[in-house]
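# Tertiary structure, described
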Amino acid sequence: MANRINKIISTKANTLYAMKNLIKKASIEEMYILRVEDFWRNKNQVCTEIMEKFGGCRIVVRSSSTQEDCMKSSNAGHYKSILDVDSASRAQIVESIEAVIQSYEKDIKGISNEQVLIQRQAIDVCVSGVVFSRDLKGKRPYYLVNYDDLGSTDSVTSGRGGKTLWIARNVSLYQLEERWRNLITAVTEVESIIEDIPLDIEFAIDSHNQVILFQVRPLAAGYREGRYIDDYSFFARKGQIRREYEEHLDAITGKPMKLSDMAFWNPSEIIGSNPRALDYSLYREIITHHAWNEGIRTLGYRAFNEDLMYQVGNKPYINLTYSYYSLIPASIPEPLALRLVQYYQTRLEEDLSAHDKIEFEIIFSSYDFMTEENSKRLLRYGFTEEERKLLVREVKKLTIDAVMNQEKILKEDLEALKRLENCREEIEKLLYQDVSIDRIIDSILTLLKEIRTNGTPQFARQARLAFIARAFLRTLVDAGYYTSENVDTFMQGISTVSSEFNDDFERFSEGLISREEFNFKYGHLRSGTYDIRSDRYDAMNFRPAPSRIKKDKVKIQKDLDISILTQALEDTQLDVPAERMAKFWISAIEQREYFKFEFTKSLSMVLELIRKLGSILEIRTMDLSWLCVDDFKLYESGCDPENLKKLWMKLITKRRRLNHDSRLILLPEVILSGASVDVIPVYEARPNFITAKTVEGEVVLLDEEPDADITGKIVVVPKADPGYEWIFTKNIKGFITKYGGAASHMAIRCAEFNIPAAIGCGEKIYDTVSQLDYLEMDCRNGLIKEGIQYTNLHALITQREGVNDYGDPTDILEAGYVEFYESIGFIPRPVANHTKNFERLFDEKIDLLIVVGGGALGPQWYDRKHEETVQPYRDKMEEKLIHYCVNHGIPIIGTCRGMQYVNVLFGGKLAYHPDLPCPRKRGEDHKVRLLKENRSIYVNNYHKDVIFEDALADCFEPLAIDEDNHTIEAYQSEQMKILGVQWHPERKFGHADGIDETRRLVRDFISKFIH
């Protein structure tokens, strides 16, 4: 077998040539294979042969080296390929071939025997991309298709875009669209020729659904690492999951359910896409079993008693049909309600990216400022004008009733919440007592019942009112009454429990309240609200250290312009006073957060009781997470503890194994039929952007770096769980989640704190974001993209001079310097101060020299003597480097001492510890004026020596000054390509925008003089 493979797998050109006469289910474009040596020997002859062979059509000149597409490595995209070359143009042919050959020369020695492949360029292409014959990471038996259907033939392979489709290897071909059926048939044929190794195949599909192969190569990583998945067991479990799904019919349609992981009560946001048994069963018990509907039916929605959530494999989903139906006013006749259900599903299937936004974009569940206009869509789907008016009238009545009765509803719900609190406080005493297993389990079930009765229905009701409020606010912008900034400002004026938490955390950090007082209010919170493995806040180590990043506090005016609001209400004939409406919005949003905060106290208590049970039975917390609520319901009073432990451990083992067997099976965000288990598209989600701001910054993946310093960073988490409350005490710059809705807890939090956010990015965008170190988020225009990064920049950085405990010379570089420049895309290489042959540092191309701060210069450089420790070896090395770089046109950035040293080396002067008119304290920010931009910014201060305005060398131009003290804070020389900055980019700033301004200054310098 190995010999057969080796005969076929060779260079790109040789492999395609070997395959051309073996395949029947696809085609390979006409080709001309050229050796570099033959091209060098007679370019004219080669051009003539190519021109004759391709007869003036467009061609592709492609790399085909021995260093790519082989068993050990693919080097995909490493060498050049040139598209759209005119085969009638001798000049274009030569230029393109030479460009490919030149790309070989950078890392291949002796290229005379390397090949260049020339092919006819495919025409009439509708789809192009690459298909892996096996999952690259998990070795799972799926075809992975990355493709573009916009007509480009290289957008996927060049990394510029594309869509993703997973297809199970045992899929029945009849389930596939014709184009994918033909592709998989072609791939299967190739696999029959090149057996037992995973393949990476580049392809195109034309308008007749015919498949064209551009490349066949081994999936190098997969070939090296081998196969670990038992395909037979995998397919058996996948088949069982599909059968279970298809057998569980929808109570309304009588057909298999249509499901979404993020619609309505979005379980992926709260318990994740692979929850453990306890998480799932608790969420079902207190929310999605019955309480979800009991809470909203009293507002005028339809009564419905089915389970809203269903689990496919390990993944929790929400039934879309039940969601649609339950959000239709009860006053709507049943036949019309069922037609609306079908309409809503049709609308969703036209744009599945709206599955996490069905309440905003699909369903007419409440009246807002765009309902009249948006409801006209119904007429295009077979509804009459009378039916449309009936729906609008009933939705409007329901909405007005909710607004006008909000105070009465709130009073009743607060009374219920108080009953829940009384029950919880009584049960809480058991945590500190020696009580029986019977008593604990009885208390767990009692508290769960109380939550179902006096907690979640009330929260569901308040959440619905908050949704109505958010819909009004959102459509005020859509209808043109207010700007996004108007509504953002209004939202900042809303004070939820999160604002209290922030204030109390600050007070705790400053020692104004004790840890006990803080825990009393917030100790029940946990990062995974339903996850018993998550520690409560009262068990977490909150370091009482206030963030040094300060945000200027501005008094926020809550109220929108009442005259405009009055006009909006009159235009839509909403008979509600403007002041009353605005008050409703504020109260509804604040109370939603309060009710969620309060009812989770009881949920947290349930988890603590289960932990206590585990302690008695000696069952680890990790194992307890595999129990479910039914295990407590089925408990028989007086059961022997040992027998109970054995029974539960047996269940735990069984569930853990089942979860393990299912976790590798891919499932989509939306399931429309059984085929969705075998063919899984990865949708490009439409995130819910919060605020209209643009922000850029470093990315922190909190799940991977739970202890990272997130101050001033863009924080990325999979789910927007309310237990992440502590994040908002850290002055983060931005927030991104994989799961979450427009009206979710975290969306409201970010709006309240005016934090730019993208809530609910979906798998594709989230995976892309997770690979970025630095990104830009434009919330107004709904864009997330990689921030400007200089990844191919090669820099040297100087170091302080020191001595270790043994008297040996050492070099010292603050880690902050590496962190700062890495955020721009590159890692500078430190220079040892005792390097003898410093010119060798430039044997490889150097783009930039960074001269750092720290310590005093020699006394000869100041206006007066000093007796501080000097760094003679460092001074000599830096002087050599600075002059070398200036003489060779290599840009220089000097920081603090570094900028001072550069100034004096070129004729400037330096003042030692002068008495300034306006003294600047070390570690505190001060204002500096940017001269060219005529504006001020705040920067940090860690220096005592200064360059006065009249002491700047003549060759430098001042960029920033301290106006109070007439000192230079930044300068530059365009001729010598030098930037000097007095403050420290690697240290903390007291103002949130200090680091951003510094990064911009440095980035602009690099952009101008290097890239």
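Residues numbered from 1 in each chain as written. Predicted model: local features only at pLDDT ≥ 70, side-chain atom pairs only at ≥ 80, totals over all residues. Heavy atoms only, no water.

Counted according to the given criterion, the structure contains 80 salt bridges. A salt bridge links Arg-347 to Glu-350, with the shortest nitrogen-to-oxygen separation between them at 3.9 Å. Of this pair, Arg-347 and Glu-350 both sit in helix H13 (residues 334-350), 3 residues apart, which is roughly one turn of the helix. Look at Arg-347 and you get buried, because its relative accessible area is 16%. On the accessibility criterion, Glu-350 (48% relative accessible area) is partly exposed. Here Glu-986 ties to Arg-987 by a salt bridge, and the two come within 3.5 Å at their closest N and O atoms. In terms of burial, Glu-986 and Arg-987 fall into one category: buried. By sharing partners, the salt bridges in this structure join Glu-933, Arg-935, Glu-997, Arg-1000 and Asp-1004 into a single network. (Salt bridge = Lys/Arg side-chain N within 4 Å of Asp/Glu carboxyl O. Helix = DSSP H or I, 4+ residues; strand = E, 2+ residues; numbered from the N terminus. Buried < 20%, exposed > 50% of the residue type's maximum accessible area, 1.4 Å probe, protein only.)

For the rest of this paragraph, the subject is the side chain of Lys-733. Structurally, Lys-733 can be placed in the loop between strand E17 (714-717) and strand E18 (734-737). Among the polar contacts listed, one links the side chain of Lys-733 to the backbone oxygen of Glu-696, at a separation of 3.2 Å. With residues near it in sequence (within four places) discarded, Lys-733 still touches Val-695, Glu-696, Gly-697, Gly-712, Lys-713, Ile-714, Ile-755, Pro-756, Asp-996 and Arg-999. (Polar contact = N/O pair within 3.5 Å; in protein donor to acceptor, adjacent residues only side chain to side chain. Contact = heavy atoms within 4.5 Å.)

Strands in a sheet are paired, the pairing made by backbone hydrogen bonds, and the direction either parallel or antiparallel. Strand order in this open sheet of 4 strands is E1-E4-E2-E3, and the pairing throughout is antiparallel. One side of each edge strand has no neighbouring strand; the edge strands of this open sheet are strand E1 (31-35) and strand E3 (82-86). When strand polarity is set aside, the average angle formed by the axes of neighbouring strands in this sheet is 30°. Bridge analysis of strand E2 (residues 58-64) against E3 gives 3 bridges, and the strand direction is antiparallel. In the strand pairing of E3, Ile-59 is matched with Val-85. Each of E1, E2 and strand E4 (115-120) is contacted by helix H4 (residues 43-54), which is oriented at about 170° to E1, the strand it contacts most. (Pairing = 2+ DSSP bridges. Axes fitted to C-alpha atoms, helices over the stretch in contact; angles between N-to-C directions.)

A few words now on the nonpolar core. Judged by nonpolar contacts, the single largest core of 148 residues is most densely connected at Trp-265, Tyr-344, Tyr-530, Trp-585 and Phe-735. In terms of nonpolar packing, the next biggest core, distinct from the first, is built from 36 residues, Ile-28, Ile-184, Val-216 and Val-679 among them. (Core = buried A, V, L, I, M, F, W, Y, C linked by side-chain atoms within 4.5 Å.)

Here we take up the UniProt feature "coiled-coil region" (unreviewed entry) in the protein. Annotation from UniProt places "coiled-coil region" (unreviewed entry) at residues 400-430. The span residues 400-430 carries 90% helix and 0% strand; its end-to-end C-alpha distance comes to 45 Å. (UniProt positions renumbered as here; feature names shortened; annotations may be inferred.)

Taking 1.5 Å of rise per residue, 17 residues should cover 24 Å, and helix H8 (residues 231-247) covers 24 Å from first to last C-alpha, within 8% of that figure. Turning to H8, its buried residues are Asp-231, Phe-234, Phe-235, Arg-237, Lys-238, Gly-239, Ile-241, Arg-242 and Tyr-245. (Expected span 1.5 Å × (residues − 1).)

Quick look at unusual backbone geometry now. With a phi close to 60°, Asp-84 is a non-glycine residue in the positive phi region. Looking at the element boundaries, Asp-84 is found in strand E3. On the accessibility criterion, Asp-84 (41% relative accessible area) is partly exposed. Backbone geometry at Gln-573 places phi at a positive 55°, although glycine is not the residue there. Relative to the helices and strands, Gln-573 is located in the loop between helix H23 (562-571) and helix H24 (578-617). On the basis of relative accessible area, Gln-573 is assigned to the exposed category, the value being 64%.

Looking now at the sheet that holds strand E8 (residues 199-206). Spatially, the 6 strands line up as an open sheet ordered E9-E8-E5-E6-E7-E14, and their pairing is antiparallel. The two strands at the open ends of the sheet, each matched to only one other strand, are strand E9 (211-218) and strand E14 (679-682). Between one strand axis and the next, the sheet turns by 20° as a mean value, whatever way the strands run. Sheet topology note: the E8/E9 ladder contains 7 bridges and is antiparallel. Looking at E9, one finds that Leu-199 is bridged to Pro-218. Packing against the sheet, helix H6 (residues 178-193) makes contact with strand E5 (125-132), strand E6 (142-148), strand E7 (163-168), E8 and E9, and its axis sits at approximately 140° to E8.

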